[in-house]
Amino acid sequence: MDIAGQMHRKAAFIEQQKVAPMVRQLQTILQKRLMEDCDIRTFSPALIRALIFDLTYLMLRHRAWHLAPLFSELTIDFINSEYALPHQMCVVIVEGMHDLLHHYMAPEIDWTADRYDEEFLEHLLVSTLMAAHEGELLIDLGFGRNLIELLQDAMQLASGSNNPDAFQFAPEVTGRLHKIMERMLSEAEANPASLDRYKLKNFLQRDPLTRKHTLQVALLERLMMILNTCGYLGSSLAAIETKLGSAVLSTELSLLQRTGLLFEETQRRPLPLLYRLSREAYTLTSQTFAEGTLAAGKATIELAALPAPYQAALLQLAWHRDPEHLSALIAADAAALKPEALKIVIEAWRKNQLEESLLELFQNLLHNRAHAWIRAEICQALPFRSFQKDTQILLESLAEYDPSPMVRSAARSALKRQQKAVPSGETCPSV
């Protein structure tokens, strides 16, 4: 994502928090401190504005953990490494910001400094698991490259692929992250749905009105059951309560609705009110749906009826457990594939060197006038090492005749990639 895109996402997040008085106070404190202590000849007003913007985002994004000592240390490191401010000045800035946040946010009941650190590190790891790619994670967390490298070190330790001779930034923190990761993976091995519970906890913690100490395992499991019961078809309150075997509390519904995971849909009388999942809730429940669907051994599954996260999770799990089932699912309903699901198919079949099957799938999708986003994904996946002539014909047609500028651009980029990949001595028509 470009710089403008990064700033837009951070600005949108700040705006969504609806805490304008706190933001104004925070920025006033920062500007006063920076203008007083910075040499204007070496640290320009433009850089001060950029720093104020970054720190405003950082403090709001992680304010639930502002009492974690490690949060302070990482923030100080970020200012020091990214903006080259003296360490002592970074300390003074962070202390001033924390005093303001403490005024707005009461501490969690009975949480010690160690507990805050533990919860903060867990939050960082789960955010890593939820991020689609490293660039998204870098924007989401806002701490810069040092933290990303620290998280990568912890992931390598968890996978057993660490190099004992490699330098590690903050090895003590890396070790603590590794222990938390081991605990999460151990729980996931016994119960794969536990990772969904961690993701739900992470999502709910972003709501400033939710007290973090209330998010215990029992509550999270119950909230996950409510969401899973709703599924992609939605559910009435009576049906949810029948499945749970108890009444749903108004506080539970209120929490899920306030955080944007659940919403109400009115039906025509006499049908009852339906509770439906949001896009975020689809993502949180997709793994449980995939596990349940494959465990039930359903012979036919209508991909067209499934939201994109459910499609992707189902195909991902089928790929790992039963590749033949994956092929059968695609063959039965290829035209219904959404971009997220198509990416899974491309990755799976490429790893298994099934380029011919992919090419046939692409041709069928294009013949059936797949959506522009699907056509763009097809261009992104091309060219193939084999079938260069066939893929070139396909791409040239898309580059010249496709009605979507996005697709034409993606096709031209793929043709350029193909040109670069042509072995010496062979020729490829110019784009």
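These figures come from a predicted structure and were not determined experimentally. (Residues numbered from 1 in each chain as written. Predicted model: local features only at pLDDT ≥ 70, side-chain atom pairs only at ≥ 80, totals over all residues. Heavy atoms only, no water.)

A. Examining the packing of aromatic side chains more closely. Taken as a whole, this structure holds eleven aromatic pairs when the rule is applied. Geometrically, the ring pair formed by Phe 120 and Phe 143 is edge-to-face, given 6.3 Å between the ring centres and 70 degrees between the ring planes. Of this pair, Phe 120 sits in helix H6 (residues 113-130) while Phe 143 sits in the loop between helix H7 (134-141) and helix H8 (145-159), and the two are 23 residues apart along the sequence. Looking at Phe 120, the relative accessible area reads 0%, which means it is buried. One aromatic cluster is present, built from ring pairs that chain together Tyr 232, Tyr 282, Phe 289 and Tyr 310. The ring of Tyr 198 carries the charged tip of Arg 197 above its face, separated from the ring centre by 5.4 Å. (Phe/Tyr/Trp six-rings, centres within 6.5 Å; stacked < 30°, edge-to-face > 60°. Helix = DSSP H or I, 4+ residues; strand = E, 2+ residues; numbered from the N terminus. Buried < 20%, exposed > 50% of the residue type's maximum accessible area, 1.4 Å probe, protein only. Lys NZ or Arg CZ within 6 Å of the ring centre and 35° of its normal.)

B. The arrangement of the environment of Ala 64 in detail. Relative to the assigned elements, Ala 64 resides in the loop between helix H3 (45-61) and helix H4 (69-83). On the basis of relative accessibility, which here comes to 10%, the residue Ala 64 falls in the buried class. Along the sequence, Ala 64 and Gln 205 sit 141 residues apart, while their C-alpha atoms lie 7.2 Å from each other. With residues near it in sequence (within four places) discarded, Ala 64 still touches Met 105, Tyr 116, Gln 205 and Lys 212. (Contact = heavy atoms within 4.5 Å.)

C. Representation of H6 within the structure. Between its first and last C-alpha, H6 extends 26 Å over 18 residues, near the 26 Å set by a 1.5 Å rise per residue. For H6, the complete set of buried residues consists of Tyr 116, Asp 117, Glu 119, Phe 120, Leu 121, Glu 122, His 123, Leu 124, Leu 125, Val 126, Ser 127 and Thr 128. (Expected span 1.5 Å × (residues − 1).)

Nothing here speaks to function; it is all geometry.
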